[in-house]
Amino acid sequence: MPLRRSHKKSHHGCAQCKQRRIKCDESRPKCGSCQRKRLVCAFQSHAPLPLYPHPDYQTRPSGPSPGLHSAPTIPLLELELLHHWHTVTAASFAHSEPIRDLFRTTVPEVALAHPFLMHSLLGVSALHISHKCPPERRSIYMEAAISHNDLSLSLCPPLLSNVTSENCHALFAFSCLVAIFAFAAQGPATRPSALTITDVVKVFRLIRGVKSIVEQARSWIQQGEMRPLLRMGQNQRPDSKTKHSLELFTQLQKLVEEQACKEPTMHSSSVGPVLSAAFQHLLVVFGLCTTLEDPSAIMAWPVMVDAEFLVLLLQGEPTSFLILGYYGVALNLLSDEWWLDGWGDFLIKLALGHLGTTAEWKMGRCLEIIRGGRAATRLA
């Protein structure tokens, strides 16, 4: 009786070949047998690392990646974006160390289980690099930013209609990143000559998505690791480049209070309560910024105003544009935030352009405050 031919035993075959008790060639991601029979191929163990690199895993030239899982090459661009997030981008979102650590460590950990959040994270990181890299490389990172953002937005809609205690933390972090991406990608620094009031309202409505998530899941978020984000804008920060904000915002607060008393249209029309509330919300934000609290509070104003206020902007209602101009003044004092680059000046010009000479005397003192603040900052 002939002896059976011996062969080297392996435990790394696919589950399908093991179930059918046949030899697996262990080709990955799909073995030869499953490929011929058109079966789903699944490996339950990791193959041993090869002694020499496989030709499929050669490094590729720097450029946009087709995606995290779509090619058998090492996604070098995504690795670069994740590294930049961890070392640079995360630190740009907050002045307090606990919030920085949350963006640096917790958000990426949660994103590993939620692809829509990972794509959003990578998109914001790419956008951040595009703001600082040499002009000849900017298109590479802008393309990556738009690609990852589009993927993120395409994956999210089914979850938004079914917010649960499991996915609410990832959705909350995602909504915060969407707000930052909206300001940075649609802002004057990126599209200097193309922005209109329609674009501004579009950005504000995207930012308001944060409010929707919080309203549905606040109790869950308060119990989870993302809860510090609920206090964004209320965190104490050290004195910084915005050290002149106290004096400037105090002056602005007086101007806005005077304006709120003088505007007859706010009390004589059906839209008066909406405009009055928008003014009062702006005062609340100004009040936060007169302390040494986190200046990110200023980003809350588009979330706080009534949805009808955005409709008034689209309709060209004069007082709504005046309020928008004051908001531009406030944003101008936060010019050190990269994602707000150019927004303050743009909103002021947009308001003045719509209102004409009748608003120049109203906004003139605000412009003096801005110029004075910039001069004081240069001398400091």
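The rules we used
Residues numbered from 1 in each chain as written. Predicted model: local features only at pLDDT ≥ 70, side-chain atom pairs only at ≥ 80, totals over all residues. Heavy atoms only, no water. Helix = DSSP H or I, 4+ residues; strand = E, 2+ residues; numbered from the N terminus. Buried < 20%, exposed > 50% of the residue type's maximum accessible area, 1.4 Å probe, protein only. Contact = heavy atoms within 4.5 Å. Areas by Shrake-Rupley, 256 points an atom, 1.4 Å probe, with all protein chains shown as cover. Axes fitted to C-alpha atoms, helices over the stretch in contact; angles between N-to-C directions. Parallel < 35°, antiparallel > 145°, perpendicular 65-115°, else oblique. Left-handed = near helix turned anticlockwise from the far one by under 90°. Salt bridge = Lys/Arg side-chain N within 4 Å of Asp/Glu carboxyl O. Patch = residues over 30% accessible without salt bridge, like charges linked within 9 Å, V, L, I, M, F, W, Y side chains within 5 Å. Nonpolar A, V, L, I, M, F, W, Y, C, P; charged D, E, K, R; others polar. Core = buried A, V, L, I, M, F, W, Y, C linked by side-chain atoms within 4.5 Å. Domains from an automatic or database assignment. Polar contact = N/O pair within 3.5 Å; in protein donor to acceptor, adjacent residues only side chain to side chain.

1. Quick look at the overall build of the chain
- Scanning the chain from N- to C-terminus turns up 18 helices and zero strands.
- Burial analysis of the chain (380 residues in total) assigns 47% to the buried set.
- Here the analysis covers contacts within the chain between residues at least 6 apart in sequence; of these, 67% occur between residues at least 24 apart.
- Carbon and sulfur atoms form 57% of the exposed surface of the chain, whose accessible area is close to 20,100 Å².

2. Section: the packing of helix α8 (residues 168–186) against helix α10 (residues 209–222)
- Following both chains from N to C, one finds α8 and α10 inclined at 150 degrees, their axes separated by 9 Å at the closest point. Between α8 and α10, the interaxial angle falls into the category roughly antiparallel. Our pair here, α8 against α10, has a crossing hand that is left-handed. Note on element contacts: α10 touches α8 through G209, V210, I213, V214, A217, W220 and I221, opposite C168, H169, L171, F172, S175 and C176.

3. Considering the pattern of salt bridges
- Going through the model one piece at a time under the given rule, you end up with three salt bridges.
- Salt bridges sharing partners connect three or more residues here, namely E97, R100, D101 and R104.

4. Looking at a nonpolar patch on the surface
- Where nonpolar side chains cluster on the molecular surface, the patch consists of I74, L76 and L79 and spans about 230 Å² of accessible area.
- Within the secondary structure layout, L76 lies in helix α3 (residues 76–89).

5. Side note on the environment of C14
- Among the secondary structure elements, C14 is positioned in the segment before α1 (15–20).
- On the accessibility criterion, C14 (0% relative accessible area) is buried.
- Note: C-alpha distance between C14 and A42 (28 residues apart in sequence) is 5.5 Å.

6. Brief notes about the packing of helix α9 (residues 197–207) against α10
- One can describe the packing of α9 onto α10 by two numbers: an axis separation of 4 Å at closest approach and a directional angle of 20 degrees. The orientation of α9 with respect to α10, classified from their angle, is roughly parallel. Where α9 abuts α10, its residues R205, L206 and I207 lie against G209, V210 and K211.
- Of the residues assigned to the contact of α9 with α10, the class counts are three nonpolar, one polar and two charged.

7. Let's talk about the nonpolar core
- In this structure, L117, F183, W301 and F309 are the most contacted members of the largest nonpolar core, which totals 92 residues.
- By residue number, the principal contributor to this core is α8, which donates 16 residues.
- Domain assignment of the residues forming this core places at least three in each of domain 2 (76–189 + 199–224) and domain 3 (242–260 + 270–378).
- Filtering out sequence-adjacent residues up to four positions away, W301 remains in contact with F204, A278, H281, L282, V285, F309, I323, L324 and Y327.
- Counting six residues, the second largest nonpolar core, distinct from the first, contains C17, C31, C34 and C41.

8. Some words on the side chain of H169
- For H169, the position within the fold is in helix α8.
- From its side chain, H169 meets the backbone oxygen of S165 in a polar contact 3.5 Å long.
- Setting aside chain neighbours within four positions, we find H169 in contact with W220, I221, G224 and M226.

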